[in-house]
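# Topology and contacts: notes
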Amino acid sequence: MPKQFIYVIALVVISLSACTNKNSDQAGNLKESDQLSYNFHVRPILSDNCFACHGPDANKREAGLRLDTEEGAYAALKENPGAHAIVPGKAKESEVIKRLFSDDPNEVMPPPESNLKLTEEEKNILMKWVSQGAKYEPHWAFVLPEKRALPTTKHTDWVQNEIDHFIASKMESVGLTPNKRAQKAHLLKRLSLDLTGLPPSLELIEKYLKDDSPKATENVIDELLADPAFGERMAVLWMDISRYSDSYGYQDDNIRTQWPYRDWVIHAFNKNIPYDQFITWQLAGDMLPDTNKETILATAFNRNHKYTEEGGVIEEEYRVEYIVDKTNTFTKAILGLSVECAQCHDHKYDPISQEDYFSMYAFFNNTPEKGYEGDVSVSKPAKTPIMWIERKDLQDILGFVNHRDTSRIMVSVMEDFKDTLRTTYILDRGLYDAPSRPVTPATPVSVLAFDEQLPKNRLGLAKWTFDEKNPLTARVFVNLMWQELFGVGIVKSAGDFGMQGDLPSHPELLDWLAVDFRDSGWDIKGLIKKMISSATYQQSAEVTAKKLEIDPENQYLSWSPRIRLNAEHIRDIVLASSGLLNREIGGPSVKPYQPEGLWEASTSGRGELAVYRQDKGEALYRRGLYTFIKLTSPPPKPIIFDGSNRDLCEVTRGRTNTPLQALAMLNDPLVLEASRVLAYKLLQSHGDKQDPAITEAFTRILSRPPHQQEMELLRDFYQDELTRFKQRPDDITPLISIGEFPIEEGMNKPEAAALMQLVVALYNLEEAITRT
């Protein structure tokens, strides 16, 4: 058997169809008597033969051994026609089983040099499956979700809604028990951060802690969902998905004005536009029978990718690049599929052919969009096709767009040719100048065949996306919302539901929620409320050594996860808790403090963004959502805290823990300025009363009152700082002069500086930037 075959087989992981079987127990555990039917998860490692996939003649090369299809697995081996990789019902005659159990280092799989090894249990499962007939089923994500009966659980007193049945049942199967409900202060902070991206106000904390009614939590949930800040919080995720930026990218990276699209996204989430309408407008708002400027503005989703303004480029090369970006964004964000490699050759692990890829590409390929409209010397803030927003629009259907002056705004939007249809070709190896066979708009049959009754355009694609037989759309969005609220999706690889993605931790729950979401009329706020009303969400974040030993990654959710906040929300907490936050919604992006010279060091020297011109006044205190994103030099603090650089569609941010983050919180001018402003407010409110000032600062920043031991530590810290500044009064003025907010009278004294330093210390607590 050729070596590349061995490597392919080496990492084959077989999973129970849909991760469970009707004959398995409620937690999805395999019973000894089960008839096994599996789908394949193939994860190969690179060998010397990886050129077979990525070489210049990838699609012309022999496909090799395929274990992800019945036809491939059952076929005779080409180098040994008398042998078969898998012989259904005959494990001892199957080459795969022989290799798995072989003691010969030249034969055994995985090969020793791979440093990989299957457990005996995994080998026995494979043998049992082959012995029972090696039955294949479609990949779980391509099977229509079903709303199965709720599992039973012995934790009936803990259960608050349907979600908890699935979670508790799975916990019980591994010997875990759920946590008790979180303390009210902790739960309120969690709800406020998850729904608005802001800490709860002192007034809301007081009201909620005093409310002992059975509906206290539901009432605060409804209040937070109705807060306009909800739309801003949700828009942070959608800006990553839609790869929003304020510049074009590439070498010259000049300014663009797509920000009215961001205003629409905020508006759409606050208005609770159903998800099917939300996506349909973004895909094809220009094609609706009742199209208007709002639905057309939504199509800017497709135009947020990079554009070149470099002289000497080949127009068609970049036009193709833009359509590729649209195709990849649609499939990743909305279908949860990673299809990029099918641009060059048939997907090696998912049932997506190159023909499938360019058939989807064809939906976006009939626009008058150009690959190049001139260099930066003739740059304009939008590219063809363009929608103009005028004053009368802002007074009517686009009233949610925050534009203060009388100038017109240009936005790049979608439009198709009216009387012509551009022919789409499969591009050999994905190259713009190598067209081969023509294709028409269509979708992968493995997901759902395109209904020939639908129009073969973007509107037809949107209708296909929300067809009740589409197995992916509801699952993918439900998973995104779960990721936002629990830190990790039910499918960890939120942008890849394919063969190389992760299996769902709770497949029946995912399917139940997907069907429920679809049946609710695609109600986004309803879906979120369902999740946050569960006992699973509302349990405490306390964790024991036993739980960590059984489930170190908290896959079974026996405690509430601690989640480091997004970069934008770290900024928002500092601004809101200090009283500096400018609550204005929408409008153009702003340029806050950042180190000097960053733009200048990375610029071509051409265009409006060659030099960073920091904003002044209230613009400095806008939410993180509105920070100006220059693609070639993204804002440094968000990047330090794992913000997206917006080059491409991203559905999941990483979460790192680095020394740079600590240094940023200690030295960021905004943190120091906010600390000074809050210290002044505390002095104004409490005068020389030390304990009330410390308590209020603590509660504003951490959303709970301090414990006695914490108070003692903070008193000592304050006294130490007070002594220091009395001994070194010259240190006070440089400290309180940081930031552009006017210095308040009375701040130039040791008591004020010491209180400011205490606030800085509070902002630097791990709890301050962690959702618990």
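Residues numbered from 1 in each chain as written. Predicted model: local features only at pLDDT ≥ 70, side-chain atom pairs only at ≥ 80, totals over all residues. Heavy atoms only, no water.

We now examine the overall build of the protein chain. Within the protein chain one finds 31 helices and 11 strands. A compact globule built from 772 residues would reach a C-alpha radius of gyration of about 28 Å, and the protein chain, at 29 Å, matches this within 12%. Over its C-alpha atoms, taken along the principal directions, the protein chain stretches across nearly 90 × 65 × 50 Å. Out of the 772 residues in the protein chain, the part that is buried amounts to 56%. (Helix = DSSP H or I, 4+ residues; strand = E, 2+ residues; numbered from the N terminus. Rg over C-alpha atoms; globule rule 2.2 N^0.38 Å. Buried < 20%, exposed > 50% of the residue type's maximum accessible area, 1.4 Å probe, protein only.)

Turning next to helix α6 (residues 162-173). The periodicity of an α-helix, 3.6 residues per turn, causes residues three or four places apart in sequence to face the same way. For α6, built from 12 residues, the straight-helix expectation of 16 Å at 1.5 Å per residue is met to within 8% by its first-to-last C-alpha distance of 18 Å. Among all positions in α6, only I163, D164, F166, I167, A168, S169, K170 and M171 are buried. For α6, the N-terminal capping position is held by N161, with its side-chain oxygen 3.1 Å away from the main-chain nitrogen of I163. In the stretch just after α6, G175 is the one whose phi turns positive, near 80°. (Expected span 1.5 Å × (residues − 1). Polar contact = N/O pair within 3.5 Å; in protein donor to acceptor, adjacent residues only side chain to side chain.)

Turning our attention to the pattern of salt bridges. For the structure shown, the criterion picks out 45 salt bridges. Two residues, R653 and D240, come together in a salt bridge whose shortest N-O distance is 2.6 Å. Of this pair, R653 sits in the loop between α25 (636-640) and α26 (659-667) while D240 sits in helix α10 (residues 229-241), and the two are 413 residues apart along the sequence. With relative accessibility at 16%, the residue R653 sits in the buried group. Between E568 and R646 there is a salt bridge, with the nearest N and O atoms lying 3.9 Å from each other. Of this pair, E568 sits in helix α23 (residues 567-578) while R646 sits in the loop between α25 and α26, and the two are 78 residues apart along the sequence. A residue is classified by how much of its surface remains accessible, and R646, at 6% relative accessible area, is buried. Residues participating in the shared-partner salt-bridge network are D240, E568, R646 and R653. (Salt bridge = Lys/Arg side-chain N within 4 Å of Asp/Glu carboxyl O.)

Turning our attention to the packing of aromatic side chains. In the structure shown here, the tally under the stated rule is 31 aromatic pairs. Measuring from ring centre to ring centre gives 5.4 Å for W264 and F278, while their planes differ by 10°; the resulting arrangement is stacked. In this pair, W264 is assigned in helix α11 (residues 259-271) and F278 in helix α12 (residues 275-284), connecting sequence segments 14 residues apart. Here the aromatic rings of F330 and F364 are separated by 6.2 Å at their centres, their planes lie at 55°, and the arrangement is tilted. Remark: F364 occurs in the loop between α15 (354-361) and β6 (386-389) and F330 occurs in helix α14 (residues 315-333); sequence separation between them is 34 residues. The same class applies to F330 and to F364, which are both buried. (Phe/Tyr/Trp six-rings, centres within 6.5 Å; stacked < 30°, edge-to-face > 60°.)

Three or more residues of helix α20 (residues 524-532) are buried, namely I524, K525, L527, I528, M531 and I532. Within α20, the buried residues cover an arc of 160° as seen down the axis, which keeps them to one side. (Arc of directions from axis to C-beta.)

This part takes up the nonpolar core. Membership of the largest hydrophobic core comes to 125 residues, with the highest contact counts inside it found for W238, W264, Y275, W482 and I528. For this core, the leading source of residues is helix α18 (residues 473-486), giving 9 residues. Each residue touching W482, except ones within four places of it in the same chain, is listed here: I163, I167, G487, V488, G489, I490, L509, L513, M531 and L557. Ranked by size, the runner-up nonpolar core spans 53 residues in total, among them M665, A679, A693 and I694. (Core = buried A, V, L, I, M, F, W, Y, C linked by side-chain atoms within 4.5 Å. Contact = heavy atoms within 4.5 Å.)

This next bit is on the pairing of strand β7 (residues 409-412). Of the two faces of β7, the one holding I409 and V411 and the one holding M410 and S412 are both buried throughout. Two strands pair when backbone bridges link them, and β6 and β7 are joined in this way by 4 bridges, in the antiparallel orientation. Along β7, the bridge assignment pairs I386 with S412. (Pairing = 2+ DSSP bridges.)

Right, let's get into the side chain of R771. Tracing the backbone through its elements, the reader meets R771 in strand β11 (residues 770-771). Setting aside residues up to four positions removed in sequence, R771 forms contacts with R190, L193, D194, L485, Y537, S560, P561, R562, I563 and L565.

Interhelical geometry of helix α7 (residues 184-196) versus helix α8 (residues 202-210) gives an angle of 130° and a closest axis separation of 10 Å. Considered as vectors, α7 and α8 are oriented oblique to each other. Pair α7 / α8 crosses with right-handed handedness. Each of K184, A185, L187 and L188 in α7 lies in contact with α8, whose residues at this interface are L204, I205, Y208 and L209. (Axes fitted to C-alpha atoms, helices over the stretch in contact; angles between N-to-C directions. Parallel < 35°, antiparallel > 145°, perpendicular 65-115°, else oblique. Left-handed = near helix turned anticlockwise from the far one by under 90°.)

This paragraph deals with the confidence of the model for the protein chain. Detailed reading of the predicted model is not advised wherever pLDDT is low. On average, residues of the protein chain score 91 in pLDDT, and 92% of them reach the 70 mark or higher. Predicted confidence for residues 1-33 stays below pLDDT 50, and this span has 91 contacts to residues more than four positions away or in other chains. This model gives residues 40-62 a pLDDT under 50, and the stretch forms 54 contacts once residues within four places in sequence are excluded. (pLDDT = per-residue confidence, 0-100.)

Residue M109 is joined to P110 through a cis peptide bond whose omega torsion reads -10°. By the secondary structure assignment, P110 is in the loop between α4 (95-101) and α5 (120-131). Cis peptide bonds are those with omega within 30 degrees of zero, and the linkage from T384 to P385 qualifies with 0°. Here A134, not a glycine, exhibits a phi torsion of approximately 50°, which is positive.

Under the definition given, this model contains 5 cavities of 30 Å³ or more. Volume-wise, the largest cavity comes out at about 120 Å³. Of the residues contributing to the lining of the largest cavity, the split by class is 6 nonpolar, 4 polar and 4 charged. (1 Å grid on protein atoms, 1.4 Å probe; cavity = no way out; pocket = protein on both sides within 12 Å on 5 of 7 lines; lining within 4 Å. Points joined across faces, edges and corners; volume = space filled by probe spheres on them. Nonpolar A, V, L, I, M, F, W, Y, C, P; charged D, E, K, R; others polar.)

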